[in-house]
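Report on the structure
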Amino acid sequence: MNTGLKAKHQRLVLVVIALVAIVAAGILAAWALRNQASYFYVPSDIASDPPEPGQAVRLGGMVEQGSLRTASDGVTLHFVVGDGEARVPVVFAGIVPDLFTEGSGVVAEGEMMPDGTFKANNLLAKHDENYMPRELEQMSEDQARATVAEATE
Amino acid sequence: MIAEFGLAALWLAAALAVLQLVGAALAQTAGGKVLAQVVRPAAVVQALLCTIAFVMLLWLFVRTDLSVLLVASNSHSAKPLIFKLAGAWGNHEGSMLLWITVMALAGALIALIEYRLPEKTMHATLGAQAFVGLGFYAFLLFSSNPFERISPVPPEGMGLNPLLQDIGLALHPPTLYAGYVGLSVAFSFAVGALLTRQVTPEFAKVMRPWVLGAWIFLTLGITAGSYWAYYELGWGGWWFWDPVENASLMPWLAATALLHSASVLASRDALRTWTIMLGVVAFSMSMLGTFLVRSGILTSVHAFAVDPERGSFILALLALYIGGALVLFAMRANTISEGKRFSLLSREGALVVNNVALSAILGIVLLGTLYPLLTEAFDVRVSVGPPYFNPVSAIFFLPMLVVLAVGPLLRWRHDRFARVRLPVIIIAAVGIAVLLGVWLIAGIALLPLLGMALAATVAVASFLPLRGRALRRLPIAVWGMAVAHFGVAVALFGMAADSAFTIEKLSAARVGETTVVGPWQVRLDRVEPVAGPNWTALEAAMTASYDGGEGQVIRPQSRSFWSPQQQTSESALLTRWNGQLYAVLGQAAENGRWQLHLWWKPFVTWIWFGGLLIALGGLLSLIGRVSVDVRRRSATTRIEARHAEATR
């Protein structure tokens, strides 16, 4: 169709097509990032400003002592994640990371249910004594101290 | 002594890189003819010295010389030999030494065998290669010395992260690095061509095999890495959109675009500036990936601020090389004369669409990978995962596949729709038939549904360009294209089938109990302790039978390593042509039950077979290009010899 165009014009047309596509990709990406990025919450954030049910979020905090129990099916876990100010009940079905225990730090990926329970699809705990999920490194001073105390026990 | 010898070799290699750079710079001037002679030999000797340094490091790891800091902090005398060797590059310093070694080898290879371009352009290319290399030598020698000693010598090493103690570590990083760093050659060629204003079809023909080689390694590295993560992490997923994975995907996207635009430049002398631009971008993405992985910035922006030396160093290198190349590009781009014209409905037109779509996907992945780092600078913590990457990249990926199906049927320069009407109708009919068929029978989600329909479309379309041609006399490169495109279809089918039809079953089973997952019946026979060289484990023996057929035993483990102390799950896989059974052993539940996580993943292996086919297509293409070139060269020599005889 463009055989009649001069070379210069053709270059211009190509540049415009490429620019439009890349700008469209950028706008699309920006819009999707705002909607699809999963934000990190600690229990007190959830208490003060809960995310919409169904929105993907991450919840980080400490697994409260004595809160962990296994349902009768043997694979569904109920526990409470707290940060010293607020507590959020969590339900998770699956195999927990090896270093997941009461009193240790955890980051749960999932969503809030309408009844105020956090339904986790995935748990990230400390992989080993050196590595922690990045969110755990940025907890408040108290949490960090508690985590370190737990890690060095 | 070994460590000091290695360090000395590394310093000498860096010195030769300086010589290579100075020689190449002077070769551009009128008076520098003498120094120009040293450029090629310097590149070769530099690679030799670098290889010696790397072999020294391997030797230190084999001997487990604990007086060397890197060995002490990453190895252990009780480790199997293969992991001692692989452990040499399973850490920051060692992997950077591997990086620079591969880069020096690539430089030596062009210095040894590439004589098709004007000598001045070759010197500029090798100079650029030395300039990039120097930055990485400086990085190694000043901030990441792999040969550093420690005193006092510790009694035992710290060991290697157990997740890395797998045959995957021996294969995956070297392959990926060969791809990453191989792209430095494309970068250097682009810079060399810009400096000497030699952006010609001949330049694209010379660059193309090098890009192809790097691209084959990248494809293999990504495929292997994906399969490794799949069976090692025990989550049943094969791609996590993890920043480290994205760091390898981005150079691949750029290199794929570069391959296609280079073929337009080589065959049709169009897209000159764009090809140069992609050459710069592809290696920039490799360096950006290295920065992301190596700077510690992924753990946290704040961690980066705590130990800023290495990160800042790579960031400075990144700014210098990418910024420098882009400035050079901006200064010279308008002096590159315009190539030939073409109409939108032509092979070139389709390849432009392919390039734009690949660039858009590259931008989307780049934004998604950097976004958490950007928001964290403002103290908002987010993570970006599949809900972003899958649909947003699909918006560009799926239309690109339609063009992929039709593009190879079109003629160069200009084509009429009437000529390709029949094959296009066939392709469209296949796509629509599969779309409706799968939708009516299975009723799956939109993205996998479109994926399957397009996989069928591309599978048929990839071999249509061979229609009506004498297959025996077809150039090997055309076969390569068909096989690579077919591989895309196979991989896409695997991805769509896995995401649509996977059946997951989580249960707590007693010994003797049978769990049903899809067509499989899996009986837990017993759980018993076993021991390996540096670990102990609980191992479950399970009998799995497909559709009531004969039982096969699989043994997933839950392993405890003792140095460093860590637990890993070793999944067990049972492969059939139409999918895989994936089993993970969890912890003991009450009443003598064991947690089991089972998946039936239909056609999941097709993802990696597809990846292998794509790489095979690249290899065929490379063989085709090189053999044509060798034949042409020997023909020219013969003609010249005859001329010489006639004039005598």
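What counts, and at which threshold
Residues numbered from 1 in each chain as written. Chains lettered and ligands numbered in written order. Predicted model: local features only at pLDDT ≥ 70, side-chain atom pairs only at ≥ 80, totals over all residues. Helix = DSSP H or I, 4+ residues; strand = E, 2+ residues; numbered from the N terminus. Rg over C-alpha atoms; globule rule 2.2 N^0.38 Å. Buried ≥ 20, exposed ≤ 12 C-beta atoms within 10 Å, placed from the backbone. Contact = placed C-beta atoms within 7 Å. pLDDT = per-residue confidence, 0-100. UniProt positions renumbered as here; feature names shortened; annotations may be inferred. Core = buried A, V, L, I, M, F, W, Y, C linked by C-beta atoms within 7 Å. Pairing = 2+ DSSP bridges. Axes fitted to C-alpha atoms, helices over the stretch in contact; angles between N-to-C directions. Domains from an automatic or database assignment. Nonpolar A, V, L, I, M, F, W, Y, C, P; charged D, E, K, R; others polar. Parallel < 35°, antiparallel > 145°, perpendicular 65-115°, else oblique.

For the rest of this paragraph, the subject is the overall build of chain B. What chain B contains, in helices and strands, is 18 helices and eleven strands. Its C-alpha radius of gyration of 27 Å places chain B within 12% of the 26 Å reference for a compact globule of 648 residues. By its C-alpha atoms, chain B is 95 × 75 × 60 Å across when sized along the principal axes. Each of the 648 residues in chain B was classed as buried or not, and the buried ones make up 51%. Within chain B, residue pairs in contact and separated by at least 24 positions form 74% of the contacts whose partners lie at least 6 positions apart.

Residue and element names in this part refer to chain B. Here chain B averages 89 in pLDDT, and 98% of its residues register 70 or above. Across chain B, the secondary-structure element scoring lowest on mean pLDDT is helix 11 (residues 301-306), at 52, and the one scoring highest is helix 17 (residues 476-501), at 95. For this predicted complex, the interface confidence reaches an ipTM of 0.78, while the overall pTM sits at 0.90.

Looking now at the UniProt feature "transmembrane region" (unreviewed entry) in chain A. Here, the residues flagged by UniProt with the feature "transmembrane region" (unreviewed entry) are residues 12-33 of chain A. In the segment residues 12-33 of chain A, helix accounts for 100% and strand for 0%; the C-alpha atoms at its two ends are 31 Å apart.

All right, on to the nonpolar core then. All names here are of chain B. Ranked by internal contacts, the top residues of the largest apolar core, which has 192 residues, are A13, A186, V211, A254 and A255. At 17 residues, helix 8 (residues 201-233) tops the list of elements feeding residues into this core. Residue contacts for A186: discarding those within four places in its chain leaves M207, W210, V211, A214, L258, G279, A282 and F283. Membership of the second largest hydrophobic core comes to 24 residues, among which are A508, A540, A583 and L598.

So, on to the environment of A86 of chain A. Residues and elements named next belong to chain A. Within the secondary structure, A86 sits in the loop between strand 4 (76-82) and strand 5 (87-93). By C-beta crowding, A86 is classed as partly exposed, having 15 other C-beta atoms within 10 Å. Once the C-alpha coordinates of A86 and S44 are considered, the two residues, 42 residues apart in sequence, prove to be 4.9 Å apart.

Note: strands within a sheet are paired through backbone hydrogen bonds, in either parallel or antiparallel orientation. Residues and elements named next belong to chain B. Pairing is antiparallel across the open sheet formed by four strands, whose spatial order is 2-11-10-9. Looking at which strands have only one partner, the edges of the open sheet turn out to be strand 2 (503-509) and strand 9 (572-576). Put simply, the sheet's adjacent strands are angled 15 degrees from each other on average, direction ignored.

Here the focus is the domain arrangement of chain B. Interfaces are often sized by the accessible area lost when the parts come together. Residues and elements named next belong to chain B. Taken domain by domain, chain B comprises domain 1 (1-165) and domain 2 (503-602). One C-alpha centre belongs to domain 1, the other to domain 2, and the line joining them spans 43 Å. Classifying every residue of the side of domain 1 that touches domain 2 by side-chain character gives five nonpolar, two polar and one charged.

What follows deals with the packing of helix 17 of chain B against helix 18 (residues 605-647) of chain B. All names here are of chain B. Between helix 17 and helix 18, the shortest axis-to-axis distance is 7 Å and the interhelical angle comes to 170 degrees. The orientation of helix 17 with respect to helix 18, classified from their angle, is roughly antiparallel. Here the contact of helix 17 with helix 18 is composed, by residue class, of 20 nonpolar, eleven polar and two charged.

Residues and elements named next belong to chain B. Where strand 5 (residues 535-546) lies against strand 6 (residues 551-554), four bridges are found, and the strand directions are antiparallel. Pairing of T543 across the sheet is with V553, part of strand 6. Between the antiparallel neighbours strand 5 and strand 6 lie four residues, among them D547 with a positive phi of about 55 degrees.

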